[in-house]
Amino acid sequence: MRKALIYLDSQDRKQSAQLLEVIRRIYGDGGAKTYAAAFGGNLEAIKGFFDEVHQFQMPDGCAYDMRLKASYIKQLHDKESFSCIVIPATFEGRMMAPILAVKLQTGLVADVTEVTGEDGSVRMVRPAFDGKLMAVIENEDSDIVMMSARLSAFQYKQARIRDTKIVYHTPDIEGEPPIKVIAEGRKQSTEDIRDAEILVSGGGGVMERFPSLHQLAEPLHAMVASSRRLVDSGITPRSIQVGQSGKTVSPRLYIALGIYGSLQHIEGLDHVEDIISVNINRNAPICSLSSIVVEGDAIEFIEKLSTKIKKEKEKQL
Amino acid sequence: MKESLKLVCLVKMVPDMEHFTYDYEKNILVREHAKSVLNPADACALAAALKLKKSCGAEVAVISMGPGSVSKYLEDLIRRGADEAVLITDSMYRGSDTYATARILARTIERCGYDIIFAGTHSMDGDTAHIPCQTAELLGVNVMSNVRKVREDKLSDTHIQVEVAADGQNVELEMRWPAVLAVSSESKYKLPFVRYEDLNKDVSDHITVITNSELEFREDEAGLSGSKTKVIKTYPKKYAARQKVIVGNDDDGIEYVYQFLKEKGYV
């Protein structure tokens, strides 16, 4: 049986496990034996999803030595001969993948957002040229397919039915680590709305009730943004303003709450895949750009939808 | 400490996104016709290298791969403070994927000699962020991406300190060099201006052109045939005509929105 490996990012193991969907799309349900490589941390959240999890205990201060981590994954590969290695396109993963690809002397496709496996050939789709083009790419090497994949693009919805075997490795590392952590700052919220996958944005229809938006942004892992109206009213900072005099954003999903959608605001929406607008006026210009228009009060919508999402989440992974 | 450190900076000219042309038949980018700009992250990387040069008296060599027309841009970088530039150009290298490109770069860097290698983390066109890591691995040296700051005050004869933006977290690291430092375009580094008196300075003798007769790759090791990945096709990103659905703010409406979010993978 084919074997497939997923690298679990140490910042987000649970989310990395969603990349099992990539393997499912290539080999079908149960079409491959699934492996995970983890470097420390709790594995409870991913138990039941993989056949084998390999946990490598890294010494203190070595967390950012991706060449070292890649060398352990290579050792695992030499033993198991994986047909497919999927790595999350995170800060760590985007370093790990190219290093490992060189070690395995194989091709690598970055930032994959779609994948198909037909007639034994795996096709990977990734955005190129600033998202203007989508490129369909194949690996020339027929023995192994390697890619880094965008976490938000794949959701694994299968049940935790596997009997996960956990294998512990304690590598012997001698001498001074070549890359050593000196200081680690706290996670900062220096977020930029231009990097957001999902934006929850408020306008004149929410005004001083703007803080309520966080209630919906949080379960969606979204960032909050606003229209110029709120910035001019002193409610929100300019750094989160969408529009001609603010920022141009390209989230996959834009939830427009009480936003009218002036031309200047819409100017700031570039390559947005889906817009959901909530407005008491179904004829507001933003509505004609939307996939879904919810006619009604924005704050009421936030409360209802965030409750719904939380409820459904409790049932899942 | 060594007499003089050898700093190498990898740079790439990228098509101005508004005007690039793409050969849809061959599935390669036609750079000859595209208006080029210096990749923003590479500009930061070179600026960081020049800053380190200033504080420790290093030599800075810029290396770029591309068509002959890149030469004039490299001249500009020399006028801005780089000591020399190497242009790798050979029609055999056209269409190289990141693996093939990294091999070409690594072999060139070995020829030039190096202590610390700078590069931009991402390029604007390919945006794979592979090259710095692949090159480092081929050279067998340390690498770090998303470098925001190089602490030139903390340079020792074995180590260098850097500040890195790691998924929203600021991390300070000490790295043994030789190393590849991939600088983020979000860093604050800015290229210095050309001094007025240097505007038309002839710097052409600071540029070396390298082709495959020096690097000696086999034909199946470079270009399209040396690449391990192949672009099958490309298509413009499509925008489906929006068929808006109007729902109420009630249980049915919320259910509809939730199912939509789920189907699209937003929740």
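Residues numbered from 1 in each chain as written. Chains lettered and ligands numbered in written order. Predicted model: local features only at pLDDT ≥ 70, side-chain atom pairs only at ≥ 80, totals over all residues.

Peer 1: Tell me about the overall build of chain B, and name the residues and values.
Peer 2: A tally of helices and strands in chain B yields six helices and 15 strands. In chain B, buried positions account for 45% of the 267 residues. Counted over contacts in chain B with a minimum sequence separation of 6, partners at least 24 positions apart contribute 70%. (Helix = DSSP H or I, 4+ residues; strand = E, 2+ residues; numbered from the N terminus. Buried ≥ 20, exposed ≤ 12 C-beta atoms within 10 Å, placed from the backbone. Contact = placed C-beta atoms within 7 Å.)

Peer 1: Just give me the short version of the sheet that holds strand β2 (residues 32–38) of chain A, but keep the residues and values in it.
Peer 2: Residue and element names in this part refer to chain A. Taken in spatial order, the seven strands make up an open sheet running β5-β9-β4-β1-β2-β3-β10, and their pairing is parallel. Here the strands that pair on one side only, and so sit at the sheet edges, are β5 (109–112) and β10 (165–169). Averaged over all adjacent pairs, the angle separating strand axes in this sheet is 25°, with direction ignored. Both strand β1 (residues 2–7) and strand β4 (residues 84–88) contribute to a ladder of three bridges, which runs parallel. (Pairing = 2+ DSSP bridges. Axes fitted to C-alpha atoms, helices over the stretch in contact; angles between N-to-C directions.)

Peer 1: Tell me about the interface of chain A and chain B, residues and numbers included.
Peer 2: Taken together, the contact between chain A and chain B spans 67 residues of the former and 58 residues of the latter. At the level of elements, α4 (91–103), β5, β7 (121–128), β8 (133–139), β11 (179–187), β15 (274–279), β16 (292–295) and α8 (298–314) of chain A are the ones that each hand at least two residues to the side of chain A that touches chain B. The pairing of β8(A) with strand β14 (residues 229–236) of chain B spans seven bridges and is classified as antiparallel. Within the sheet, the bridge partner assigned to A:L133 lies in β14(B) and is B:P236.

Peer 1: Quick one: what's the story with unusual backbone geometry, residue by residue and with numbers?
Peer 2: Of note, the amide linkage connecting B:W177 to B:P178 takes the cis form, showing an omega dihedral of 10°. Position of B:P178 among the secondary structure elements: in the loop between β11 (169–176) and β12 (179–183). Positioned with a positive phi, A:H271 is a non-glycine residue whose angle comes to about 55°. Take A:H271: it is sitting in the loop between α7 (263–266) and β15. Classification of A:H271 by C-beta neighbours within 10 Å gives partly exposed; the count is 15. Phi is positive for B:E216, which is not a glycine, with a value near 55°. Relative to the helices and strands, B:E216 resides in the loop between α5 (212–215) and β14.

Peer 1: Any chance you could break down the sheet that holds β14(B) for me, citing the residues and the numbers?
Peer 2: What holds strands together in a sheet is hydrogen bonding between their backbones, with the strands either parallel or antiparallel. Pairing in this open sheet of four strands is antiparallel, and the strands run β6(A)-β7(A)-β8(A)-β14(B) from one edge to the other. A strand with exactly one partner marks an edge of an open sheet, and here the two such strands are β6 (114–118) of chain A together with β14 of chain B. Averaged over all pairs of adjacent strands, the angle between their axes in this sheet comes to 25°, without regard to strand direction. Relative to β7(A), β6(A) runs antiparallel, the two being bridged by five bridges. Residue pairing in the sheet places A:T116 in a bridge with A:R123 of β7(A). Docked against the sheet, helix α2 (residues 20–27) of chain A engages β6 and β7 of chain A, running at close to 30° with respect to β6(A).

Peer 1: Go over the pairing of β1(A), please, and point to the residues and values.
Peer 2: Regular strands have side chains that alternate between both faces of the sheet. Pairing of β1(A) with β2(A) involves six bridges; the strand directions are parallel. Considered in β2(A), the bridge of A:I6 is made with A:A36.

Peer 1: How would you explain the nonpolar core if you had to name every residue and give the values?
Peer 2: If you look at the biggest cluster of nonpolar residues, it comprises 132 residues, and the most contacted ones within it are B:C9, B:L46, B:V62, B:F118, B:M144 and B:L181. Of the residues forming this core, the biggest block, 10 residues, is contributed by helix α1 (residues 40–56) of chain B. With sequence-adjacent residues up to four places away left out, B:V62 is seen in contact with B:C9, B:V11, B:L46, B:L74, B:L77, B:A82 and B:A85. Within the second largest apolar cluster, 46 residues are counted, among which are A:I193, A:L199, A:I292 and B:Y266. (Core = buried A, V, L, I, M, F, W, Y, C linked by C-beta atoms within 7 Å.)

Peer 1: Lay out the domain arrangement of chain A with the relevant residues and their values.
Peer 2: Assigned domains within chain A: domain 1 (2–169) and domain 2 (193–314). Here domain 1 of chain A and domain 2 of chain A have C-alpha centroids that lie 33 Å from each other. (Domains from an automatic or database assignment.)

Peer 1: Any details on the environment of B:F118? Residues and values, ideally.
Peer 2: Residues and elements named next belong to chain B. If you trace the backbone, F118 turns up in strand β8 (residues 116–120). With 29 C-beta atoms packed within 10 Å, F118 lands in the buried category. Distance from F118 to D16, taken between C-alpha atoms, is 23 Å for residues 102 residues apart in sequence.

Peer 1: Which residues make up α1(B), and what values do they have?
Peer 2: Because each turn of an α-helix spans 3.6 residues, side chains separated by three or four positions in sequence point in the same direction. All names here are of chain B. For α1, which comprises 17 residues, the first-to-last C-alpha distance of 25 Å matches the rise-based estimate of 24 Å (1.5 Å per residue) to within 8%. Residues of α1 that are buried: A41, D42, A43, C44, A45, L46, A47, A48, A49, L50 and L52. The positive-phi residue at the C-terminal boundary of α1 is G57, with phi of around 70°. (Expected span 1.5 Å × (residues − 1).)

Peer 1: Can you explain the packing of helix α5 (residues 213–220) of chain A against α8(A)? Please cite residues and give values.
Peer 2: Packed helices, taken two at a time, are described by the angle their axes make and the gap between the axes. Residues and elements named next belong to chain A. The geometry of α5 relative to α8 is characterised by a closest axis approach of 9 Å and an angle of 25° between their N-to-C directions. Here α8 runs roughly parallel to α5, going by the angle between their axes. Note that α5 runs across α8; the crossing there is left-handed. Contacts between α5 and α8 involve L213, Q215, L216, P219 and L220 from the former and I302, L305, S306, I309, K310 and K313 from the latter. Here the residues of the contact of α5 with α8 sort into seven nonpolar, two polar and two charged. (Parallel < 35°, antiparallel > 145°, perpendicular 65-115°, else oblique. Left-handed = near helix turned anticlockwise from the far one by under 90°. Nonpolar A, V, L, I, M, F, W, Y, C, P; charged D, E, K, R; others polar.)

Peer 1: An account of the confidence of the model for chain B is needed here, citing residue identities and associated values.
Peer 2: Averaged over all residues, the pLDDT of chain B equals 90, while 90% of them reach at least 70. Predicted as a complex, the structure gets a pTM of 0.78 and an ipTM equal to 0.86. (pLDDT = per-residue confidence, 0-100.)

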